[in-house]
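# Structural overview for review
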Amino acid sequence: MRIFPGLSSLFFNLLRKILFLWVRTDVMGAEKDQLELDPDKPVCYVLQYSSLSSRLVLEQEVKRAGLPSSQAPLPVPNGPRRSFFFLYQRAGGLFNRRHTPALTPRIKQVTSLALHDPSSDIQIVPVTLFWGRSPDKEKSLFKLLLSDTWSVAGRLQKLLIILVHGRNTYVQFNKPISLQHVVNEFRDNEERATRKLARILRTHFRRVRQAVLGPDLSHRRTLVASLVRTTAVKDAIRETAREKDIPPEKVRAKALKYGDEIAASMSVVTIRILEVALSWLWNRIYNGVAVNNIQVAQDAAKDNAVIYVPCHRSHIDYLLLSYVLYRNGLMPPHIAAGINLNMPVVGPILRRGGAFFMRRSFRDNPLYAAVFNEYMHVMFSRGYSVEYFVEGGRSRTGRMLQPRPGMLSMTVRSYLRDHRKPIVFIPVYIGYEKVMEGRSYLGELRGKKKQKESIFSLAKSAKNLRSSFGRVAVNFGEPIQLSNVLNDVRPQWREEAYGGDYRPEWLNTAVESLSDQVAVNINAAVSVNPIGMLATVLLSTQKLTMDERLLIRLMNEFCDLIRSAPYSEHVTYPEGDGADWVAYGESMGLISRVHQDLGDIISLEGNNAILMTYYRNNIQHLFALPALIASLFENFSSLEREKVVFLASAVYPYIKSELFLRYPDEDVDPVIEQWIDVLIERDLLRLDGDRICRPADGSEAALRLRALSKFVIQTLERYHISIAILRKYGSGRIGAKELEEQSTLMAQRMSILFGVNAPEFFDKMLFRNFIENLQKTEILTQDEEGMLCYTEGLDEVAEDARLVLNMEMRQAIQQVTMLGA
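Here is a short report on the structure shown in this document. Quantities reported herein were computed from a predicted structural model and do not represent experimental measurements. (Residues numbered from 1 in each chain as written. Predicted model: local features only at pLDDT ≥ 70, side-chain atom pairs only at ≥ 80, totals over all residues. Heavy atoms only, no water.)

### Description of helix H9 (residues 220–228)
Note the following rule: Relative accessibility decides the category of a residue: with a 1.4 Å probe and only protein chains considered, values under 20% of the type maximum give buried, values over 50% give exposed, and everything between is partly exposed. Working definition: helices are DSSP H or I runs of at least four residues, strands are E runs of at least two. Numbering for both runs from the N terminus. What the arc describes is the spread of directions from the helix axis to the C-beta atoms.
Looking at H9, one finds that the buried residues are Leu-223, Val-224, Leu-227 and Val-228. Projected onto a plane normal to the axis of H9, the buried residues spread over an arc of 140 degrees and lie on a single side.

Right, dumping it as structure tokens:
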């Protein structure tokens, strides 16, 4: 090695301690359980570029993590004096021009050792080090002076880099590479084996850099100006000038103004400040942030343009996801934010944190649409990570909303124009135990007008900083390759030419398939928490009240139930048991306790009764199938197994569409069979020959089955309301829009008459979705006048309802329907 070959251990350790008087590091992946090192094999670390400072940082971090020292000799016969090597060494002297960096002699020495002793396998651990985590600016003088990411920095330059960026040093350890596995292909050719190892390491370091720093950032002014020069925007300028009789120069100025309104201005200085501020904020209002399956995002970011698609439950979502990504070694994404957030003070901060702003609708403004489309195309084609919410707005009920096609369609069209950079969607579930906007959601669900975001409303919300909002879970779901979606919909799509604003006839089908996969994968990464379990069980009771001991038993039973047949490998479950969850819910002020000599009573009171439906709805889809099966025994003591499967599979498509369940319609029968077996195994049902029987009336098993059926019964009641109205009017006598409105009004009336404390019970969008699904299954059709017509299939659906709804509820729906006439 050319760098201080005779450096003594004493002097080396002294330099290391001096360096760390200034340097502060953020380290990822150094834990032993993450690295999965084999204790019986030697470890050799590899850094990308030769540098004394990098050696000092490496040794400091392996000591902190309790890993084998990088300064010790490599424990193999004739091994080098140190357990590390550099991939490249600096070429040229202090003032000489630097050429392309050359491979170091030690990588050749390590390769030779592996070739000459096949029985000895060395674990090569790549370690990536960044002095600062700022993506380079294109054509930036600062990049030329203080960046060591693209070339090997000289010693003076390295000193300046440490002084400027040393307080923000990022170090990432990666899982070991088996040296024998790498060189095995070229046992007789040492040079080719060395080149292969170097190529693997070079690719690894490049991919890590892509994930951590992202592509170079364009200067905002340059980017905005380039948008106006694109063909699509030029065409829109000409068309707008012609239609509105405005000089093209004025229209071009308006296009520039639109671009300036839209474009982000990401600043890593702002991100660092936000990181510190948000760390304080999360510690202030949350009991912790649990991050699960982050490896999915870390792997995807190395080779793809990543689009994060989280569920949208709170304004906190924007900040939380960017914070989690940055803290886990990933570049924060550019975030699509509503123009309502571009308010004084807050807007500029969000813009520098990566937000770009979009109007709620630009259907009637083709110039704005063209500028926005081109901006998004730049983001996707250059490989920037992007985040947007497919639901459009925040969910007020805790359910996943029907995805809106706008941003997804824009993404697909951009990819068809230029698919050189692969695009991967990363679904993200963000789960709160207590959502910050809960009270305002409650007001909106009661008919109160949505409060407009402003700096004053932000100031008012500062009082929330005195409250505790429990824990937050950020779960990363199964990634979705856009190319795979397109292959399924249009196998020959790569062979077709696309350009400009071209929209192929199959675009809507592709977007619909993509949006469904995104929503399904978000729900498949749900976090089950204590508040959700409390809400699920307590809301299944008529009086929202339960004996504490029974509540604890039921929560334990139902949590074990969904664990026994996991919905998805990405679902996470709460720690502790029912007793812990009751105590926790009480400490959060969400449940009430009444002391009683025979045992305490736990209840939901006042606004909490409605608020808790939000947290129940977060996890309702996990219980959908077993609850549906349980509901079939509401009125019958036994049914043939074949009948149970038939009825459950007949209702399943409607529940699947509403709750975004993951099983395709044609594959659900085996899943239903599995759930029947699970319920029998857990004594919730029993087998009598070819018939499935419910437990004996009055038994605790019967109580548990009845409680389970309540988890889905309101959904089935809502379906029956629409069917009852249809049958009352008759075939061809009512349109889809009027049926939707009538169903909503009837549901509102029933919620008042029968005390249904669930805002989604009369959600117009859910009725609309049900009516659309009846049309998709061809149970309903539309005549030339837009009236809904039905066949005997609807009567069969209505007849099957008697197996699910009790007599009282069926009569109530019939009565309310007739009164509505």
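### Considerations on empty space enclosed by the protein
The line we're drawing: A cavity here means a set of points on a 1 Å grid, drawn over the protein atoms and nothing else, where a 1.4 Å probe fits but cannot get out; a pocket is an open set with protein on both sides within 12 Å along at least five of seven lines, and a residue lines either one if it has an atom within 4 Å of a point. Grid points are joined across faces, edges and corners, and a volume is the space filled by probe spheres set on the points. Lys, Arg, Asp and Glu make up the charged group, whereas Ala, Val, Leu, Ile, Met, Phe, Trp, Tyr, Cys and Pro make up the nonpolar group; the residues left over, Gly among them, are polar.
Inspection of the entire model under this criterion finds six cavities of 30 Å³ or more. A volume near 150 Å³ is recorded for the largest cavity. Taken together, 20 residues form the lining of the largest cavity, with Gly-214, Pro-215, Met-331, Tyr-384 and Ser-385 sitting closest to its centre. Secondary structure elements with two or more residues in the lining of the largest cavity: helix H8 (190–213) and strand E9 (305–310). Classifying every residue of the lining of the largest cavity by side-chain character gives 14 nonpolar, six polar and no charged.

### Examining the nonpolar core
This is how it is decided: To define a nonpolar core, start from buried Ala, Val, Leu, Ile, Met, Phe, Trp, Tyr and Cys residues and group those joined through side-chain atoms within 4.5 Å.
Core analysis: the biggest nonpolar cluster contains 196 residues, and Tyr-388 and Phe-476 have the highest contact counts within it. Element by element, the count of residues in this core is highest for helix H29 (residues 700–729), at 13 residues.

### As for the pattern of salt bridges
Using the following cut-off: Here, a salt bridge means any side-chain nitrogen of Lys or Arg that lies within 4 Å of a carboxyl oxygen of Asp or Glu.
Applying the stated criterion to the full structure yields 35 salt bridges. A salt bridge links Glu-586 to Arg-593, with the shortest nitrogen-to-oxygen separation between them at 3.1 Å. Judged by its relative accessible area of 24%, Arg-593 falls in the partly exposed class. The closest approach of N and O atoms between Glu-760 and Arg-616, which form a salt bridge, is 2.6 Å. In this pair, Glu-760 is assigned in the loop between helix H30 (736–753) and helix H31 (764–776) and Arg-616 in helix H25 (residues 607–619), connecting sequence segments 144 residues apart. When sorted by exposure, Glu-760 lands in the same class as Arg-616, which is buried. Through salt bridges that share partners, Glu-548, Glu-586, Arg-593 and Asp-600 make up one connected network.

### Describing the environment of Gly-392
Selection criterion: When checking whether two residues touch, look at their non-hydrogen atoms; a contact exists if any pair is within 4.5 Å.
By the element assignment, Gly-392 lies in the loop between strand E12 (386–387) and helix H17 (406–417). On the basis of relative accessible area, Gly-392 is assigned to the partly exposed category, the value being 27%. Leave out the neighbours within four places in its chain, and Gly-392 touches His-312, Arg-360 and Arg-404.

### Focus on the sheet that holds strand E18 (residues 601–603)
Within a sheet, each strand pairs with its neighbour through backbone hydrogen bonds, oriented either parallel or antiparallel. Rule in force here: Two strands qualify as a pair provided that DSSP identifies no fewer than 2 bridges between them. Inter-axis angles, ranging from 0 to 180 degrees, are taken between N-to-C directions of lines fitted to C-alpha atoms, where helices are fitted over the stretch in contact.
Taking strand neighbours across the sheet as the criterion, the three strands line up as E16-E18-E17 in an open arrangement whose pairing is antiparallel. Both edges of this open sheet fall to strand E16 (545–547) and strand E17 (592–594), since each of them pairs with a single strand only. Recorded for the sheet is a direction-independent mean angle of 25 degrees between the axes of neighbouring strands. Across three bridges, the pairing between E16 and E18 is antiparallel. Within E18, the residue paired with Asp-547 across the bridge is Ile-601.

### A look at a negative patch on the surface
Note the cut-off: Within this analysis, patches are made of residues with over 30% relative accessible area and no salt bridge. Like charges are joined at 9 Å or less; nonpolar side chains (Val, Leu, Ile, Met, Phe, Trp, Tyr) at 5 Å or less. Only the protein chains shown count as covering a residue, and every accessible area follows the Shrake-Rupley method with a 1.4 Å probe. Charge assignment: positive for Lys and Arg, negative for Asp and Glu; neither His nor the chain ends contribute. Each charge is placed at NZ for Lys, CZ for Arg, CG for Asp and CD for Glu.
A contiguous patch of negative charge, built from Glu-640, Glu-642, Asp-688 and Asp-690, is present on the exposed surface. Of note, Glu-640 is situated in strand E19 (residues 638–640). The class of Glu-640 is partly exposed, set by a relative accessible area of 39%.

### Section: the pairing of strand E10 (residues 334–338)
Which entries qualify depends on this criterion: Seen with its strands pointing away from the viewer, a crossover is right-handed if its path from the first strand over the helix to the second goes clockwise.
A large share of E10 lies buried, amounting to five of its five residues. Both faces of E10 are covered, namely the face carrying His-334, Ala-336 and Gly-338 and the face carrying Ile-335 and Ala-337. Looking at chain direction, E10 and E12 are connected through two bridges and run parallel. Looking at E12, one finds that Ile-335 is bridged to Glu-387. For the handedness criterion, the β-α-β arrangement of E10, helix H15 (residues 346–352) and strand E11 (residues 355–358) is classed as right-handed.

### Regarding the packing of aromatic side chains
For the record, the criterion: Working definition: rings of Phe, Tyr and Trp (its six-membered ring) pair if their centres are within 6.5 Å, and the pair is stacked with planes under 30 degrees apart, edge-to-face with planes over 60 apart, and tilted otherwise. The criterion for a charge sitting over a ring is simple: Lys NZ or Arg CZ within 6 Å of the ring centre, and within 35 degrees of the ring normal.
Enumeration over the complete set of coordinates arrives at 23 aromatic pairs. Look at Trp-282 and Tyr-323: their rings are 6.0 Å apart centre to centre, the planes differ by 80 degrees, and that puts the pair in the edge-to-face class. Highlighted residues: Trp-282 in helix H12 (residues 268–285) and Tyr-323 in helix H14 (residues 316–327), separated in sequence by 41 residues. According to the relative accessible area criterion, Trp-282 is buried, its value standing at 4%. Ring geometry for Tyr-614 and Tyr-615: centres 5.4 Å apart, planes at 65 degrees, overall edge-to-face. Take Tyr-614: its relative accessible area is 5%, and that puts it in the buried class. Through a chain of ring-to-ring contacts, the aromatic side chains of Tyr-258, Phe-356, Phe-362, Tyr-368, Phe-372 and Tyr-375 assemble into a single cluster. Looking at Arg-662, its charged tip hangs above the ring of Tyr-567, at a distance of 5.8 Å from the centre.

### Regarding the side chain of Ser-395
The following threshold applies: Under this definition, polar contacts are N or O atom pairs within 3.5 Å; protein pairs additionally need one hydrogen-donor-capable and one acceptor-capable atom, and for neighbouring residues in sequence, both atoms have to be side-chain atoms.
Following the sequence through the fold, Ser-395 ends up in the loop between E12 and H17. Note on Ser-395: relative accessible area 0%, which makes it buried. From its side chain, Ser-395 meets the backbone nitrogen of Thr-397 in a polar contact 3.4 Å long. Those residues within four positions of Ser-395 in sequence are excluded, and the remaining contacts are His-312, Arg-313, Leu-401, Tyr-441 and Tyr-614.

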